[in-house]
2 protein chains.
Amino acid sequence: MNNKPTLHTSLSPALLHLYDLSNSVVVIIDVFRATSTIASALYNGARCVIPVDSVPKAIEISKNIGGIAAGERDGQIAEGLQHGNSPLEYTRSFIENKTLVLTTTNGTRLLQMALDKNADTIISGSFPNLSRVVDFLIAEKKNVILGCAGWKDRFNLEDTLFAGAVIQRLKKQFTIHCDSSLMAETMYAKHKNDLVSFAPKWTHYHRLVDRFGLIEDIRYCLTNDVAGVLPVYTNGMLVAK
Amino acid sequence: MNNKPTLHTSLSPALLHLYDLSNSVVVIIDVFRATSTIASALYNGARCVIPVDSVPKAIEISKNIGGIAAGERDGQIAEGLQHGNSPLEYTRSFIENKTLVLTTTNGTRLLQMALDKNADTIISGSFPNLSRVVDFLIAEKKNVILGCAGWKDRFNLEDTLFAGAVIQRLKKQFTIHCDSSLMAETMYAKHKNDLVSFAPKWTHYHRLVDRFGLIEDIRYCLTNDVAGVLPVYTNGMLVAK
């Protein structure tokens with residue numbers, strides 16, 4: 001008898017409704033850059049990250065609690081904010097013991113969707129905290145949904161490749177009947193040793209590098225385990241477990 | 001100046017709304033098995049294929065015009081019908097000069113969605129008519145949406161691999177900034193010489209082969225250019241152009 005938990009990959013927020021989240025761990029994946037930034041901030045000592053869906057809400061909450069309001073829209077620091085969605089901004093000297101109130105285009109929206117669909121547990125993942133995500137999923141022994149944030153509901157490769165990285169590391173412990181997962185794992189297996197040189201072919205790369213010169217952000221977001229922390233959503237905030 | 005038309009791949013009907021169909025050729029892709037069956041029937045001399053969204057409608061229309069009512073639900077011949085969605089059923093001796101009224105789980109629904117979104121031109125494609133699809137798209141010089149029918153809105157590999165086959169053959173004639181298309185082409189490049197041996201890993205294969213023994217259908221649907229016809233949608237029916 002097969003008692004392994006199941007794993008599915010949702011390639012876009014517009015496909016999340018196809019999966020039962022109620023008894024599952026949902027991994028929010030927004031490699032460029034929300035979930036890389038969340039890992040960076042928590043790894044460098046932020047008390048917590050409060051994800052919110054609008055700039056006014058980020059400003060209001062950060063005022064009330066004395067936190068840092070930050071976020072982006074379409075790849076740039078959002079109007080009215082002083083801090084953006086770059087993981088490199090959140091060094092220890094800047095963020096330690098502070099609360100980050102973060103609004104982003106795709107990742108925070110997907111997290112809200114997972115909440116609305118009564119996910120059992122929500123964590124966030126990206127290459128900088130890959131191993132912590134994998135270790136947690138194996139230890140939990142619950143069903144898993146890898147939720148790619150995409151770009152405005154479109155499929156993207158960076159989130160899919162991260163899903164593939166997770167799948168390659170834990171597939172023996174899960175039952176996986178899911179073409180999205182098989183594709184993600186296949187793409188990752190093909191490109192795992194050349195992610196940074198593959199990246200210039202991705203649409204999001206052009207948005208971030210050609211328009212804003214953010215090549216160092218790209219490199220950070222694609223580097224394994226440089227921010228070994230596990231962000232878990234609880235009581236409205238992501239905290240390091 | 002780049003005057004090449006654009007090409008995008010929609011990985012699921014639930015993602016079709018992200019693309020502008022109004023000045024585009026939309027290719028309906030439902031490899032297992034609607035668009036393989038449509039190619040087979042038209043190649044073998046069917047007058048036309050009328051896609052409909054329900055079994056009662058298939059029965060009513062076929063009675064009125066003296067056609068063949070056919071279709072499947074969940075991989076089996078739909079209740080109340082005598083003919084299913086197997087391309088191998090539609091031999092020349094059976095279908096020549098007849099009209100096929102076809103209802104299927106995914107392909108006919110996606111076609112209706114493309115109509116509702118005012119697609120400029122709708123054609124259908126699968127491996128059996130790959131070259132005809134490619135030749136038509138190159139000749140038209142219009143923007144292209146490769147529309148994967150998936151399975152009940154889930155991503156599937158067979159439709160994605162067909163999209164990749166098309167892209168590999170015409171990418172020099174199009175502007176392609178689309179991660180879905182890049183992924184589809186990469187997956188196809190990796191597996192183009194072993195599609196039939198890769199197929200047992202796909203969810204739809206298990207549905208069709210383990211449950212219904214349809215391995216010959218699978219082989220047909222994955223064979224290039226055995227039904228070299230171009231189905232074009234016009235006035236409520238698909239006809240061979």
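Residues numbered from 1 in each chain as written. Chains lettered and ligands numbered in written order. Predicted model: local features only at pLDDT ≥ 70, side-chain atom pairs only at ≥ 80, totals over all residues.

A. Region of the structure containing the overall build of chain A. Secondary structure assignment for chain A yields 10 helices and 10 strands. Here the C-alpha radius of gyration of chain A, 17 Å, is about what a compact globule of 241 residues would show, namely 18 Å. Principal axes of the C-alpha set define a box for chain A whose edges measure 55 × 40 × 30 Å. For chain A, the residues scored as buried account for 56% of the 241 residues in total. (Helix = DSSP H or I, 4+ residues; strand = E, 2+ residues; numbered from the N terminus. Rg over C-alpha atoms; globule rule 2.2 N^0.38 Å. Buried ≥ 20, exposed ≤ 12 C-beta atoms within 10 Å, placed from the backbone.)

B. How the structure looks around the pairing of strand S4 (residues 68-73) of chain B. Residue and element names in this part refer to chain B. Most of S4 is tucked away, with five of its six residues classed as buried. Relative to strand S5 (residues 76-77), S4 runs antiparallel, the two being bridged by two bridges. Residue pairing across strands places glutamate 72 opposite isoleucine 77, the latter belonging to S5. (Pairing = 2+ DSSP bridges.)

C. Expanded view of unusual backbone geometry. Cis peptide bonds are those with omega within 30 degrees of zero, and the linkage from A:Phe32 to A:Arg33 qualifies with 5°. Within the secondary structure, A:Arg33 sits in the loop between strand S2 (24-29) and helix H1 (34-43). Its identity is not glycine, yet B:Asp225 carries a phi of approximately 60°, on the positive side. Mapped onto the secondary structure, B:Asp225 falls in the loop between helix H10 (215-221) and strand S9 (231-234).

D. Spatial organisation of the packing of helix H7 (residues 179-191) of chain A against helix H7 (residues 179-191) of chain B. Two elements in contact, H7(A) and H7(B), have axes separated by 11 Å at closest approach and are oriented at 75°. When the axes of H7(A) and H7(B) are compared, the pair comes out roughly perpendicular. Across the interface between the two elements, A:Met183, A:Thr186, A:Met187 and A:Lys190 from H7(A) touch B:Met183, B:Thr186, B:Met187 and B:Lys190 from H7(B). Class assignment of the residues belonging to the contact of H7(A) with H7(B) gives a composition of four nonpolar, two polar and two charged. (Axes fitted to C-alpha atoms, helices over the stretch in contact; angles between N-to-C directions. Parallel < 35°, antiparallel > 145°, perpendicular 65-115°, else oblique. Contact = placed C-beta atoms within 7 Å. Nonpolar A, V, L, I, M, F, W, Y, C, P; charged D, E, K, R; others polar.)

E. Spatial organisation of the relation of the copies chain A and chain B. The transform that puts chain A on chain B rotates by 180° and translates by 0.0 Å along the axis, for an RMSD of 0.0 Å. On the angle and the small slide along the axis, the relation comes out as a two-fold axis. Among all C-alpha atoms of chain A, that of A:Ala14 lies closest to the rotation axis, at 3.3 Å. (Least-squares fit on C-alpha atoms with pLDDT ≥ 70 in both.)

F. Spatial organisation of helix H4 (residues 107-116) of chain A. Looking only at H4(A), the buried set comprises A:Gly107, A:Thr108, A:Leu110, A:Leu111, A:Met113 and A:Ala114. A positive backbone phi angle near 60° is found at A:Asn118, which sits one or two residues after H4(A).

G. Representation of the interface of chain A and chain B. Contacts between the two partners involve 23 residues from chain A and, on the opposite side, 23 residues from chain B. Contributions of two or more residues to the side of chain A that touches chain B are made by helix H6 (157-170) and H7 of chain A. In terms of residue class, the side of chain A that touches chain B is made up of 11 nonpolar, seven polar and five charged.

H. Main features of the environment of A:Val31. All names here are of chain A. Mapped onto the elements of the fold, valine 31 is located in the loop between S2 and H1. Judged by the 27 C-beta atoms lying within 10 Å of it, valine 31 is buried. A C-alpha to C-alpha distance of 8.9 Å links valine 31 and isoleucine 218, two positions 187 residues apart in sequence. With residues up to four places along the chain from it excluded, the contact list for valine 31 reads Ser36, Ser126, Phe127, Glu158, Asp159, Phe162 and Cys221.

I. Local environment of the pairing of strand S10 (residues 237-240) of chain A. All names here are of chain A. Side chains Leu238 and Ala240 project from S10 onto a buried face, and the interleaved Met237 and Val239 project onto a face without burial. Bridge count between strand S9 (residues 231-234) and S10: four bridges; the pairing is antiparallel. Looking across to S10, one finds that valine 232 is bridged to valine 239.

J. Main features of the confidence of the model for chain A. Residue-level pLDDT values for chain A average 95, and 100% of them are 70 or greater. On the interface metric, ipTM, the complex scores 0.95, and its pTM is 0.96. (pLDDT = per-residue confidence, 0-100.)

K. Focus on helix H9 (residues 203-210) of chain A. Restricting attention to buried positions, one finds in H9(A) the residues A:His204, A:Tyr205 and A:Leu208. Looking down the long axis of H9(A), one finds its buried residues gathered within 100° of arc, a one-sided arrangement. (Arc of directions from axis to C-beta.)

L. Layout of the nonpolar core. If you look at the biggest cluster of nonpolar residues, it comprises 164 residues, and the most contacted ones within it are A:Leu42, A:Val49, A:Leu100, B:Leu42 and B:Val49. Excluding residues within four positions of it along the chain, B:Leu42 makes contact with B:Val49, B:Val229, B:Pro231, B:Leu238 and B:Ala240. (Core = buried A, V, L, I, M, F, W, Y, C linked by C-beta atoms within 7 Å.)

M. View of the environment of A:Leu238. Residue and element names in this part refer to chain A. Turning to its location among the elements, leucine 238 is positioned in strand S10. Distance in space between the C-alpha atoms of leucine 238 and phenylalanine 32 is 18 Å, their sequence separation being 206 residues. Beyond its immediate stretch of four places on either side in the chain, leucine 238 contacts Ile38, Leu42, Cys48, Val49, Pro51, Ser124, Pro231, Val232 and Tyr233.

N. Looking closely at the environment of A:Lys172. All names here are of chain A. Take lysine 172: it is sitting in the loop between H6 and H7. The exposure class of lysine 172 is exposed, given the 8 C-beta atoms found within 10 Å. Distance in space between the C-alpha atoms of lysine 172 and glycine 66 is 45 Å, their sequence separation being 106 residues.

O. Structural context of the packing of helix H5 (residues 130-140) of chain B against helix H6 (residues 157-170) of chain B. All names here are of chain B. One way to put it is that H5 packs onto H6 with a least axis distance of 10 Å and a crossing angle of 50°. With respect to each other, H5 and H6 are oriented oblique. Considering only the axes of H5 and H6, their crossing is right-handed. The segment H5 lies against H6, with Leu130, Val133, Val134, Leu137 and Ile138 engaging Ala165, Val166, Arg169 and Leu170. Per-class residue counts for the contact of H5 with H6 are eight nonpolar, no polar and one charged. (Left-handed = near helix turned anticlockwise from the far one by under 90°.)

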